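Descriptive analysis of the structure
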Amino acid sequence: LSEYLNIFFIDRDQIFTTLCEQVMNADEKFLRGSLTINFHGDDGMGVGVRREWFTLLTEKITDPMYGLFQRYNNGLNFQPTHLSKVNPDHLRQFEFAGKVVALMIYYKITTGIHFTRSFCKHMLGEPLDFTDVACIDNDLAMSLQWVIDNDISDMVELTFSVDEHDFGEQGTVELKPGGSDIIVTEENKLEYVRLLTEYKMTGSIKPQINSFLSGFYSIVPRKILAIFGPDELELILCGLNVIDRKDWKKNTKYITYTAEDDMIVWFWEILETFDQDELVALLKFITGYSRVPHGGFSQFAVIGSSGPIKISKGNGTVDNLPKSSVCFNLLLLPEYTSKEMLKERLKTAMSYASIGFDQC
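The paragraphs below set out a description of the structure included in this document. (Residues numbered from 1 in each chain as written. Predicted model: local features only at pLDDT ≥ 70, side-chain atom pairs only at ≥ 80, totals over all residues. Heavy atoms only, no water.)

Scanning the chain from terminus to terminus reveals 13 helices and 11 strands. In terms of overall dimensions, the chain has a C-alpha envelope of 80 × 50 × 40 Å along the principal axes. Sequence-distant contacts, at least 24 apart, represent 65% of the contacts inside the chain between residues at least 6 apart. Summing over all exposed atoms, the chain offers an accessible surface of approximately 17600 Å²; the carbon and sulfur share of this is 51%. (Helix = DSSP H or I, 4+ residues; strand = E, 2+ residues; numbered from the N terminus. Contact = heavy atoms within 4.5 Å. Areas by Shrake-Rupley, 256 points an atom, 1.4 Å probe, with all protein chains shown as cover.)

Quick look at unusual backbone geometry now. The residue Thr256 is not glycine, and still its phi comes out positive at about 70 degrees. Secondary-structure assignment places Thr256 in the loop between β7 (252–255) and α11 (262–273).

Within this structure, the stated rule accounts for 19 aromatic pairs. The side chain of Lys176 reaches across the aromatic face of Phe160, ending 5.1 Å from its centre. (Phe/Tyr/Trp six-rings, centres within 6.5 Å; stacked < 30°, edge-to-face > 60°. Lys NZ or Arg CZ within 6 Å of the ring centre and 35° of its normal.)

Core analysis: the largest hydrophobic core is formed by 83 residues, its most contacted members being Phe8, Trp53, Phe115, Phe212 and Trp248. The element best represented in this core is helix α4 (residues 90–106), accounting for nine residues. Look past the residues within four positions of Trp248 in its chain and what remains in contact with it is Ile243, Trp268, Leu271, Leu279, Leu282, Leu283, Ile286, Phe297 and Ile309. Phe130, Val147, Leu175 and Met201 belong to the second largest nonpolar core, which has 21 residues in total. (Core = buried A, V, L, I, M, F, W, Y, C linked by side-chain atoms within 4.5 Å. Buried < 20%, exposed > 50% of the residue type's maximum accessible area, 1.4 Å probe, protein only.)

On the secondary structure map, Gln208 appears in helix α8 (residues 206–219). Classification of Gln208 by relative accessible area gives buried; the value is 2%. Look past the residues within four positions of Gln208 in its chain and what remains in contact with it is Pro80, Thr81, His82, Ser84, Lys85, His90, Leu91 and Phe94.

Another point: the pattern of salt bridges. On inspection of all chains with the given rule, the structure shows 12 salt bridges. We note a salt bridge from Glu344 to Arg345, for which the minimum N-O separation is 2.3 Å. Under the relative-accessibility criterion, Glu344 is labelled partly exposed at 39%. (Salt bridge = Lys/Arg side-chain N within 4 Å of Asp/Glu carboxyl O.)

Looking at the element boundaries, Thr58 is found in helix α3 (residues 47–61). Other than its neighbours up to four places away in sequence, Thr58 contacts Met104, Thr111 and Ile113.

The α-helix advances 3.6 residues per turn, and as a result positions three or four apart in sequence lie on the same side. Its 12 residues place the ends of helix α12 (residues 276–287) 16 Å apart at the C-alpha level, agreeing with the 16 Å of an ideal helix rising 1.5 Å per residue. Of all the positions in α12, only Glu278, Leu279, Leu282, Leu283, Phe285, Ile286 and Thr287 are classed as buried. Taken around the axis of α12, the buried residues stretch over an arc of 170 degrees, which confines them to a single face. A distance of 3.2 Å separates the backbone nitrogen of Asp277 from a side-chain oxygen at the start of α12, and that oxygen is part of Asp275. (Expected span 1.5 Å × (residues − 1). Arc of directions from axis to C-beta. Polar contact = N/O pair within 3.5 Å; in protein donor to acceptor, adjacent residues only side chain to side chain.)

Right, let's talk about the packing of helix α5 (residues 117–124) against helix α9 (residues 230–238) for a bit. As a packed pair, α5 and α9 sit with axes 9 Å apart at the nearest point and diverge in direction by 95 degrees. Here α5 is positioned roughly perpendicular relative to α9, judged by the angle of their axes. Contact with α5, carried on its side by Arg117, Cys120, Lys121, Met123 and Leu124, involves Pro230, Asp231, Leu233 and Leu237 of α9 and no other residues of that element. When grouped by side-chain class, the residues that make up the contact of α5 with α9 number six nonpolar, no polar and three charged. (Axes fitted to C-alpha atoms, helices over the stretch in contact; angles between N-to-C directions. Parallel < 35°, antiparallel > 145°, perpendicular 65-115°, else oblique. Nonpolar A, V, L, I, M, F, W, Y, C, P; charged D, E, K, R; others polar.)

Geometry only, nothing functional implied.
Next up, the structure:
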């Protein structure tokens, strides 16, 4: 950490523990001031390195080894887990995670972390209801719906309590004082649904939520997010799921090539044959991003200093692979002699993205 320049000097092998301390000890003005990253042993310190840094951090934050977040919805969504308490530093690490996610919003970098809808609501300060339980337990959500819709007068075994299993040990949590002895009835079942929802979505992970939000709001004040709903917040965090080829073509600039040149015509014809995974690989090769920012490809022109996606003639012969500079969102294409050659060279470069990868 440099006191006079906004530079973090990072050891790749200690990225989580080192960064946790550096970020937590840094002033928020420092973190928001054109932050620059340098990995020990590397020369690069450009925008592309900063993107790589954030990508590595999000992978660590959700890494099961650190036990901060649990996967739900077949592994697609993340939410804090109450089991993180086994780690004595977990609350500090949640605050660090909150700062990292907020910094990615500040620097307009997609996180790739799909939080549950309920956790997005927590970030926005929106109230939750029982339907949000489906984010983590669809069976429970259907059970609560059944309780609401049906007469439960004969269900004498249902009380204001819930069984929990922590590291092989079973315990009972009361949803209200004396809840283990209070039977759920037709008269109080809506209170039961509300309290169980609050416990599952908030109460059981309240310290984790509060720590994350403390770090998050220190970078992005809550009032700034007030205009967004949970769906819009997820788009800001994760970008668009599907890559629109027409939008990509519309917002691409050409340097030394023109739209009528064979290389450019072939390029877009090749993209029509790519599936979404191949489009993602190509996008990441050119920009360092695996998702399109909220608002589409036009947003590449306004996020950071890289400018719009550009295609230019590359140096070398047809034996050379395409190169990219993620600092400028620039794809460098040699003048190949056929569409088949361009496709083969392009797919090879995507597969071995480190070849010709310019970290600036």
